[in-house]
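# Reading the structure
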Amino acid sequence: MRKLLIPLLLILSFFSAQGFAAGCPDGSEPVKSISADGTYFIFNCGGSNEEASSSNSSNVNLNTKALAGIDIENDPNLDFFRPPLFPIQIRKLMGSVGGLIADFNNDGLADVIYTGLLLFDLISECTYGVCSDQVQDDAKKVQPALYLSSADGKLQYSPELIIDNRLNKGIVNGFPLLADYNNDKVLDIYIADQGVGRTGKIIGYRDSYYLSQPNGTWLESSETHLSNSNFKEFNHGAATGDIDNDGDMDIVSTAMSAGLWCLMNDGSGFFKKRQCGGSNVFAIELADMDNDGDLDILAGGHEYESMFTGIYWNDGQGNFMPYDATPLKQYKDTWGGIPEVSASDLDNDGDIDIVYSRVGNLLYEGAAIQIIENLGNKEFKDHGIMSLDDSTLAFIKDIRFRDLDKDGDLDLYLVAMEQYIDGTVFINNGDFNFLLIMPPEAYKLYGALGQNGIIQSINDREKKAKLAAQLKKINDEKKIQEKEKAKLIDELKKSQEIAKAKRLAEERENNKNNFKYSTRYFKSQLKLLESQNNVEVCNAISKEFYTGDYYSRTKKKTYFFVSLDSNGKDCHYEWSTNIGNTLSRCETNTKFDGKCTIYALGNNIVWGNPQLYKELTGKK
């Protein structure tokens, strides 16, 4: 999971998955209640609401299953709306990655938390490609931005509630994992921080950990509640859940260097770090995929870099060994990147199905989802790729589940990097048939929070989405025009190169033979020949042309060559059938008597030009 998509899988453990889906043995629905410490739900039949202690796994009520966190984000009891990507109050503070809806103060109202990336104009000595630990330490980093619902129905920006007393304060590039880690019935905030130094060894940045306090604030507590407060790892994905079934929420994080790291909670919110299996992947989610009572890991990454796509099975102790895994369908040649994975029961059969977000390349271009059906008994059926965009940097970074059309099954809501895709909905029509509805049409299915803290009207959101679509169309057309222009320029350059190569080849050949072959200016050339009276051969040429054998020939389209050296020492002619003799004679003259020029003279047609023949001879 890229940003906390963690399911609460709450099924009566003494019933089968099928029995739970159908309800209690008497046909009634089980009664749902929450445990005393708020860490898990209880389902009872027959009206009993008896709870059990969650202090350890041995005395957890048999009517419970291991707790994950996906229902925190997908809580059906909270209002669902589309938060603004960049609220006004934090626009100049961070490069926001979008808001996450949850109830932070237990008033039953939807609040929003933003975490994101520090603005690079606040860093003077690094770029996204190169940024040392020291530069990140010295930079003005960001804090989580919390918006709480107020009595007037608006969400209020509440920066005073986030307290960070570290000398090196804040976040570089993080995403939140929300759960009640210290068991005080209030959500806490763990920030998995990727950092921005991504050259050479990828090590990420140290995480941040905000625990809820009795006075209603959240205090950064990594130095007191993490076994290694300065641990750095490139945790591209992370998820939270009770992986060892001891009644408290743990954290699993991806790692470029060591497979998976597990942060094990001792019940007070103190995390001890340990390696727990897996492999190098980019996105993970926790869910009980085989209904055995413990949480398994859904994983995915860059398939074109041979990363694993599939499920690591929990051994019951919170370990996820690579040898105990089930691979799932890959699309490494077309949609081989997985930035996000999530899960929910899409067909109401009591088991958890899978949804992957997919991109087309390392640049995260394109946007698509893959849906995989859980058939039970560790068998799965791939339902293929559903593409939304195949070129734009529009990847889907969050997948959420709500019954948007109120028909009893869960639909998909997608959070994406492009406005014309952000808010796309897949309506669940049953049997894994989904209807794609994109903005602005999708806006009719949910609300949207405006910058003023009030839900915007559908018309306003439609106008914005249409404008975004128009801008995208203009940009796409501009890209096409630029590609066509580049293609034409390339073709012109190639033709010029060919012409130049041909010209240079001709020049080399002419230089090699050192004589010029000309068919122009015949009149002046003939006069030049006739003026060479001191050269007997040239007089012979003149007589031949006007009265001799050439003049009396019946084949009037014939012509003859005349070669003349530049010193006037040799004048020679040959019929057109003997061009080889002309070239040879001219080449010989060049060697001994200077540069030789060859002229072509003809009767009726001189190189296909009757007018030139008339000017040359004075004949009609």
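Refer to the structure printed above.
Only a predicted model underlies this, so the values are computations on that prediction, with no experimental measurement involved.

With antiparallel pairing, the four strands of this open sheet are ordered in space as β23-β24-β25-β26. The open sheet is flanked by β23 (337-344) and β26 (379-389), the only strands paired with a single partner. The average undirected angle you get between the axes of adjacent strands in this sheet is 20°. The sheet contact formed by strand β24 (residues 353-359) and strand β25 (residues 367-376) spans five bridges and is antiparallel. Bridged to Tyr356 within β25 is Gln370.

What follows covers the environment of Phe270. Examined against the element boundaries, Phe270 turns out to sit in the loop between β17 (259-265) and β18 (271-275). Considering only alpha carbons, one finds Phe270 and Thr224, 46 residues apart in sequence, at a separation of 7.8 Å. For Phe270, the residues in contact, after removing those within four places along its chain, are Thr224, His225, Leu226, Ser227, Met264 and Asn265.

What follows is about unusual backbone geometry. The amide bond that connects Pro439 to the next residue, Pro440, takes the cis arrangement and shows omega of 5°. By the element assignment, Pro440 lies in the loop between β30 (434-437) and β31 (447-448). Within the chain, Asn183 stands out as a residue other than glycine whose phi angle is a positive 60°. On the secondary structure map, Asn183 appears in the loop between β9 (174-179) and β10 (188-193). Using a relative accessible area of 23% as the deciding quantity, one classes Asn183 as partly exposed. One non-glycine residue with positive phi stands out, namely Asn245, at about 55°. On the secondary structure map, Asn245 appears in the loop between β15 (238-241) and β16 (250-255). A residue is classified by how much of its surface remains accessible, and Asn245, at 24% relative accessible area, is partly exposed.

Turning to its location among the elements, Ala469 is positioned in helix α5 (residues 458-513). Sequence separation between Ala469 and Ile421 is 48 residues; the distance between their C-alpha atoms is 9.2 Å.

Reading the values: the criteria
Residues numbered from 1 in each chain as written. Predicted model: local features only at pLDDT ≥ 70, side-chain atom pairs only at ≥ 80, totals over all residues. Heavy atoms only, no water. Pairing = 2+ DSSP bridges. Helix = DSSP H or I, 4+ residues; strand = E, 2+ residues; numbered from the N terminus. Axes fitted to C-alpha atoms, helices over the stretch in contact; angles between N-to-C directions. Contact = heavy atoms within 4.5 Å. Buried < 20%, exposed > 50% of the residue type's maximum accessible area, 1.4 Å probe, protein only.

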